[in-house]
Amino acid sequence: MGDSAEEIDDDRRQELLGRISRQTATIGQRIPETTSIDGEPFDLRDFVLETKSQGAIPPDRREAVRTVRKTLSTEREKRRKRLETESLTEQEATNLVQDILGLDRAIIALGNLAETDLEAKSHEEYVDGTRRWVDFVDQLTD
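Keep in mind that this is a model prediction, so the values were computed, not measured.

Colleague: Looking at this model, I keep getting lost on the overall build of the chain. Mind explaining?
Modeller: Helix and strand counts for the chain stand at 5 helices and 2 strands. In the chain, which comprises 142 residues, the proportion classed as buried is 32%. Excluding contacts between residues fewer than 6 apart, the proportion of contacts in the chain whose partners are at least 24 apart in sequence is 72%. Carbon and sulfur atoms provide 48% of the accessible area of the chain, an area that totals close to 9,500 Å².

Listed below in structure tokens is the structure:
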């Protein structure tokens with residue numbers, strides 16, 4: 001690879017862009033402790049672990065989780081464009097790839113959570129129960 005202070009060439013850039021584009025790229029990838037969003041640190045791993053520990057996204061956290069997913073996707077795209085266009089050393093490019101894959105891992109983890117709507121589920125169960133009761137009463141009166 002040469003000196004890590006030298007700028008990466010186009011072949012290496014394409015190789016790294018290909019790496020972040022693979023569907024299997026996040027396998028074994030850890031969610032970063034923190035990430036920088038618009039220059040501000042964000043405790044990403046704690047947010048993801050706390051959210052995942054609840055099993056499903058509670059209604060009062062849905063909007064926050066959606067916002068974080070959208071923000072992470074925006075940050076990922078900024079980093080991808082930077083990898084695609086900026087002059088980077090090998091070390092900078094490698095670090096950028098790790099950042100992108102860590103963001104991908106967090107986005108996937110948050111995207112896999114169910115957004116249960118307990119009120120709608122409760123109503124659906126009530127309607128099903130009422131329907132079964134009516135069917136039962138109909139059978140008795142026939």
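Let's pick the thread back up.
Colleague: Whenever I open this one, helix 1 (residues 10–21) confuses me. Can you help?
Modeller: Given 3.6 residues per helical turn, the α-helix brings residues three or four places apart onto the same face. Compared with the 16 Å implied by 1.5 Å per residue over 12 residues, the 16 Å span of helix 1 between its first and last C-alpha is a close match. Turning to helix 1, its buried residues number three or more, namely Arg12, Arg13, Leu16, Leu17 and Ile20. All buried residues of helix 1 lie within an arc of 135° about the axis, which places them on one face of the element. Exposed residues pointing more than 90 degrees away from the buried face of helix 1 are listed as Asp11, Gln14 and Ser21.

Colleague: Help me understand the packing of helix 2 (residues 44–53) against helix 4 (residues 90–111) in this model?
Modeller: When two helices pack together, their arrangement is captured by the angle between the axes and the distance separating the axes. Contact geometry for helix 2 and helix 4: axes closest at 10 Å, N-to-C directions at 20°. Comparing their axes, helix 4 and helix 2 come out roughly parallel. Every pair of crossing elements has a handedness; the one defined by helix 2 and helix 4 is left-handed. Between helix 2, through Leu44, Phe47, Val48, Thr51 and Lys52, and helix 4, the contact on the second element is made entirely by Leu103, Ala106, Ala109 and Leu110. Considered class by class, the residues forming the contact of helix 2 with helix 4 number 7 nonpolar, 1 polar and 1 charged.

Colleague: Explain unusual backbone geometry here, please?
Modeller: Glycine aside, residues mostly have negative phi, and peptide bonds are mostly found in the trans state. Unlike most non-glycine residues, Asp38 shows phi in positive territory, near 50°. Topologically, Asp38 is positioned in the loop between strand 1 (35–37) and strand 2 (40–42). Judged by its relative accessible area of 60%, Asp38 is exposed.

Colleague: Just checking my understanding: could you explain the nonpolar core for this structure?
Modeller: Generally speaking, nonpolar side chains in soluble globular proteins are found buried as a group. Counting 15 residues, the largest nonpolar core has Ile31, Leu44, Val48, Leu72, Ala106 and Leu110 as its most contacted members. Looking at this core, the elements with two or more residues in it are helix 2, helix 3 (62–85) and helix 4. At 5 residues, the largest contribution of residues to this core is made by helix 4. Setting aside anything within four residues of it in sequence, one finds Leu72 in contact with Thr35, Ile37, Leu44, Leu103, Ala106, Ile107 and Leu110. If you look at the next biggest cluster of nonpolar residues, it comprises 12 residues, including Ile8, Leu16, Ile20 and Leu96.

Rules used in this analysis
- Residues numbered from 1 in each chain as written.
- Predicted model: local features only at pLDDT ≥ 70, side-chain atom pairs only at ≥ 80, totals over all residues.
- Heavy atoms only, no water.
- Helix = DSSP H or I, 4+ residues; strand = E, 2+ residues; numbered from the N terminus.
- Buried < 20%, exposed > 50% of the residue type's maximum accessible area, 1.4 Å probe, protein only.
- Contact = heavy atoms within 4.5 Å.
- Areas by Shrake-Rupley, 256 points an atom, 1.4 Å probe, with all protein chains shown as cover.
- Expected span 1.5 Å × (residues − 1).
- Arc of directions from axis to C-beta.
- Axes fitted to C-alpha atoms, helices over the stretch in contact; angles between N-to-C directions.
- Parallel < 35°, antiparallel > 145°, perpendicular 65-115°, else oblique.
- Left-handed = near helix turned anticlockwise from the far one by under 90°.
- Nonpolar A, V, L, I, M, F, W, Y, C, P; charged D, E, K, R; others polar.
- Core = buried A, V, L, I, M, F, W, Y, C linked by side-chain atoms within 4.5 Å.

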